[in-house]
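# Remarks on the overall topology
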Amino acid sequence: GQTKGVTMNVFFSDSRPDYSLVLTYVFILGVQMFMSFDGGATSACVDEIKNMGKWSESDLGLLGSLDKVGMTLGAVCWGRALQEVPAKALLVLGLGLNAVCSLIFGMLPVWLSMYACKVLMGVTQALQIVFGT
């Protein structure tokens, strides 16, 4: 008898396209794009933030780094939650919370709300990082 080689085609099976891999790839790129936008939006607003209040250079530096603090704090919690709760539900929750925090950050120029929103944005972004690994 003859042995036939087995080939795997990730995009098509049984002549029907499988879009789940493509959609997952697009989702991951989209999340990274919005995470990068958040970091760039904060640095682009530094002059405006500094002019509206009594913000020192160290205050602005803290504001810029608080999302990384949130990522560090949130990663462990999201790792545990992804073991217990369906990932799709958590991803929708995380993206929704990120959008709400971004709106609050932009609309309430009070230092406490801006700091809290930056930490929460980092916590929600940690979900995408943990899910991707």
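Rules and cut-offs
Residues numbered from 1 in each chain as written. Predicted model: local features only at pLDDT ≥ 70, side-chain atom pairs only at ≥ 80, totals over all residues. Heavy atoms only, no water. Helix = DSSP H or I, 4+ residues; strand = E, 2+ residues; numbered from the N terminus. Buried < 20%, exposed > 50% of the residue type's maximum accessible area, 1.4 Å probe, protein only. Contact = heavy atoms within 4.5 Å. Areas by Shrake-Rupley, 256 points an atom, 1.4 Å probe, with all protein chains shown as cover. Phe/Tyr/Trp six-rings, centres within 6.5 Å; stacked < 30°, edge-to-face > 60°. Expected span 1.5 Å × (residues − 1). Arc of directions from axis to C-beta. 1 Å grid on protein atoms, 1.4 Å probe; cavity = no way out; pocket = protein on both sides within 12 Å on 5 of 7 lines; lining within 4 Å. Points joined across faces, edges and corners; volume = space filled by probe spheres on them. Core = buried A, V, L, I, M, F, W, Y, C linked by side-chain atoms within 4.5 Å.

### Some words on the overall build of the protein chain
Helix and strand counts for the protein chain stand at five helices and two strands. Seen in sequence order, the protein chain has helices and strands lined up from the N terminus as β-β-α-α-α-α-α. For the protein chain, the proportion of its 133 residues judged to be buried stands at 26%. Taking the contacts inside the protein chain whose residues are at least 6 apart along the sequence as the reference set, 70% of them involve residues at least 24 apart. Here the protein chain has roughly 9,300 Å² of accessible surface; of this, 69% comes from carbon and sulfur atoms.

### Topic: the environment of Leu108
If you trace the backbone, Leu108 turns up in the loop between helix H4 (87-107) and helix H5 (111-132). Those residues in contact with Leu108 that lie beyond four places of it in its chain are Ser113 and Met114.

### As for the packing of aromatic side chains
As enumerated under the stated definition, the model contains two aromatic pairs in all. Aromatic pair Trp55 and Tyr115: ring centres 5.8 Å apart, planes at 80°, arrangement edge-to-face. Here the residue Trp55 occupies a position in the loop between helix H2 (46-52) and helix H3 (57-84), and Tyr115 occupies one in helix H5, the gap between them amounting to 60 residues. Assigned by exposure class, Trp55 and Tyr115 land together as buried.

### Details of H4
Taking 1.5 Å as the rise per residue, H4 with 21 residues should run 30 Å; its terminal C-alpha atoms sit 30 Å apart, in good agreement. Taken residue by residue, H4 has Leu90, Leu91, Gly94, Asn98, Cys101 and Phe105 as its buried positions. Each buried residue of H4 sits inside an arc of 100° when the element is viewed along its axis, so together they form one side. Every exposed residue of H4 that faces more than 90 degrees away from the buried side is listed here: Lys88, Val92, Leu103 and Met107.

### Side note on the layout of surface pockets
Of the voids in this model, the second largest pocket is the one considered here, and its volume is about 150 Å³. Lining of the second largest pocket is provided by Ser20, Leu23, Thr24, Phe27, Lys88, Leu91, Val92, Leu95 and Phe131. Elements that contribute at least two residues to the lining of the second largest pocket include exactly helix H1 (20-44) and H4.

### Section: the nonpolar core
Core analysis: the biggest nonpolar cluster contains eleven residues, these being Ile49, Trp55, Leu60, Leu63, Leu66, Cys101, Phe105, Met114, Tyr115, Cys117 and Met121. Once you skip the residues sitting within four places of it in the chain, Met114 turns out to touch Ile49, Met52, Trp55, Leu63, Phe105, Leu108 and Pro109. Listed in part, the seven residues of the second largest apolar core include Trp78, Leu90, Ala126 and Leu127.

Fair warning: the whole summary comes from geometry, so function is off the table for now.
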